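Residue-level structure breakdown
Listed below, chain by chain, are the residues.
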Amino acid sequence: MDKFIPLSVPNLKGREVEYVTTAVETEWVSTGGPYVNEFEEKIAQYVHSEGAVSCQNGTSGIHVALQVCGVTGEDEVIVPTLTFIAAVNPVKYIHADTVFMDCDDSLTMDPDKLMGFMQRECIFTDRRLINKRTNKQIKAIIVVHVFGNLADMEVIMKIADEFNLIVIEDATEALGTYYKEGRYKGKYAGTIGTVGIYSFNGNKIITTGGGGMIVSANKELLRRAKHLTTQAKSDELYFIHDEIGYNYRMTNLQAALGLAQLEQLEDFIITKKKNYELYQKNFRDIQGLSLMDYRSNTRWNSWFYSMFCDDTYPMNRDEVIRYLSSKGIQARPVWGLIHTQGPYLDSQNYYIEKAEHYLKHIVNIPCSSNLSEEDLLYVVECLKV
Ligand SMILES: *Cc1c(COP(=O)(O)O)cnc(C)c1O
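For every chain, the first residue of the written sequence is number 1, and numbering continues from 1 along that sequence. At least 70 in pLDDT is required for a residue's local features to be given in this predicted model, at least 80 for side-chain atom pairs to be given and counted, and no such filter applies to totals for whole chains, interfaces and linings, which use all residues. Side-chain calculation: all heavy atoms of the structure are included, whereas hydrogens and water are not.

The chain is annotated in an unreviewed UniProt entry as Aminotransferase, LLPSF_NHT_00031 family of Anaerocolumna jejuensis DSM 15929. UniProt positions are given in the numbering used here, feature names are shortened, and annotations may be inferred rather than shown by experiment. As recorded by UniProt, the Sequence similarities (unreviewed entry) comment attached to the chain reads in full: "Belongs to the DegT/DnrJ/EryC1 family."

It suffices for a single heavy atom of a residue to lie within 4 Å of a molecule or strand for the residue to be listed as near it. Not every one of the 15 residues close to the ligand is listed here, only the nearest: Thr59, Asp170, Glu173, Ser199 and Lys204. We define a polar contact as two N or O atoms separated by no more than 3.5 Å, with the added condition that, inside protein, one atom must be a possible hydrogen donor and the other a possible acceptor, whereas residues neighbouring each other in sequence contribute only through side-chain atom pairs. Within the backbone of Gly58, an N or O atom sits 2.7 Å from an oxygen atom of the ligand. Separating an oxygen atom of the ligand from a side-chain N or O atom of Ser199 is a distance of 2.7 Å. Throughout this entry, Asp, Glu, Lys and Arg are counted as charged residues, while Ala, Val, Leu, Ile, Met, Phe, Trp, Tyr, Cys and Pro are counted as nonpolar. The remaining residues, Gly among them, count as polar. Across the shell around the ligand, the residue classes tally to 4 nonpolar, 8 polar and 3 charged.

For helix H8 (residues 252–262), the tally of buried residues reaches 10 of 11 residues, placing the bulk of the element in the interior. Note on contacts: a residue pair qualifies if any of its non-hydrogen atoms lie within 4.5 Å across the two residues. Helix and strand definitions follow DSSP, with helices as H or I runs of at least four residues and strands as E runs of at least two, each counted in order from the N terminus. In the core, the buried residues of H8 are packed alongside helix H1 (16–25), helix H2 (34–46) and helix H9 (265–283). Remark: exposure states derive from per-residue accessible area (1.4 Å probe, protein chains only) relative to the maximum for the residue type, with buried under 20%, exposed over 50%, and partly exposed in between.

Turning our eyes to something else, we now look at the sheet that holds strand S13 (residues 289–291). When DSSP finds two or more bridges between a pair of strands, those strands are recorded as paired. Here we have 4 strands laid out as an open sheet, ordered S13-S15-S18-S16, and antiparallel in their pairing. If you trace the sheet from one side to the other, it starts and ends with S13 and strand S16 (332–333), each paired once. Where S13 meets strand S15 (residues 305–309), 3 bridges bridge the pair, whose relative direction is antiparallel. Bridge assignment links Leu289 to a residue of S15, and that residue is Cys309. Lines fitted to C-alpha atoms define the axes here, with helix axes fitted over just the stretch in contact, and angles between the N-to-C directions of these axes take values from 0 to 180 degrees. Across the face of the sheet, helix H10 (residues 317–326) comes into contact with S15, S16 and strand S18 (362–365) while running at roughly 20 degrees to S18.

Note on patches: the residues involved have over 30% relative accessible area and no salt bridge, like charges join within 9 Å, and the nonpolar side chains Val, Leu, Ile, Met, Phe, Trp and Tyr join within 5 Å. To be clear on the numbers: accessible area is Shrake-Rupley with a 1.4 Å probe, and residue cover counts the displayed protein chains and nothing else. Salt-bridge detection follows one rule: a side-chain nitrogen of Lys or Arg within 4 Å of a carboxyl oxygen of Asp or Glu. A cluster of nonpolar side chains, Leu237, Tyr238 and Ile240, forms an exposed patch at the surface whose accessible area comes to about 380 Å². In this fold, Ile240 is placed in strand S12 (residues 240–241). With a relative accessible area of 44%, Ile240 lands in the partly exposed category.

Opposite charge on two side chains makes pairing possible when the charged atoms of those side chains draw close. Tallied over the full model, the rule gives 17 salt bridges. Ionic pairing is found between Arg15 and Glu18, a salt bridge with its closest N-O pair at 2.8 Å. You can call Arg15 partly exposed: its relative accessible area is 39%. Close ionic contact of Glu381 with Lys384 constitutes a salt bridge, the shortest N to O distance being 3.1 Å. With relative accessibility at 48%, the residue Glu381 sits in the partly exposed group. A relative accessible area of 41% places Lys384 in the partly exposed class. When salt bridges that share partners are traced, they join Lys92, Asp97 and Lys136 into one network.

Written out as structure tokens, the structure reads:
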């Protein structure tokens, strides 16, 4: 049996070879070259942002975002525990501290607990939010739009305004998701807070192999981000540097891939949504299995599908994953919760319950934009035990 259905893999059937070939033939393969600027402009256009600054990956984007937002090693940052660790590690890169928050039933940060934490555990004085336990200032929140599902930004932004907090949107999984209704109608994931970050890693909805993008409505902040990602050079000829910068800029080769991918993004979303609905329809006949919903007043990008296995299903999470693997189907649980991981054991956390619950019950199942209907139905058949 050679069948293998991967969880989430790149789909490179557009003009990728053409654009990458042009980059090679013109010998613009590094951080110079026209594709990088063009990709920045096209992403900014796509999400209706003032501008965009490319970087090597989503992680470096979050690292730079924290700095351009003025978060320092003296500060604390509120982060989710249910996320990929790259959303959180950059807080430690700048020597700030983390406070872990639970998720709600959308798998994104629970705004009620967020509010509860601020009211019970913090003091708001001189427009500064102080954590009573540590006496440190909480400067920012990193919100992650988990699996392409928008966090409840209407409530989170209200809380952030009330307590003078910066909101950094980790939209690495949510390119293409936007509000269809309400206060933020038409606003894309990543463009609601102070700064947003996208990732073009191989498993994301579009890929540049590895890459990322920083967006913001604040032009000065974007200028600073560009400065930091390009070695903070203040004089091109004499190589004068006015602060510690990074070599984080995307290369023309990556951007060539990205431009070809971006042309296909809307098609990928349509396919992924169709596949999501096909799974959902088939799961109606399987006792104990269901797909987690996306937020209803949004257009979601359907990046990842979360299958919830309740206690009436004959197998538990780990048995499902092992069984699917034996059938050539790649599946995985959600991430190990970050507040339980070695480097974060000393961090504060606030009543984490739902994240544990969902970790125990969710299995992510194949969701690539090139997943065939035949393969999808094979996954469904296997799950009918
Ligand atoms: C992928 C991802 C990142 C990091 O992106 P890279 O490009 O891999 O560095 C950060 N946060 C979340 C939630 C992600 O899924």
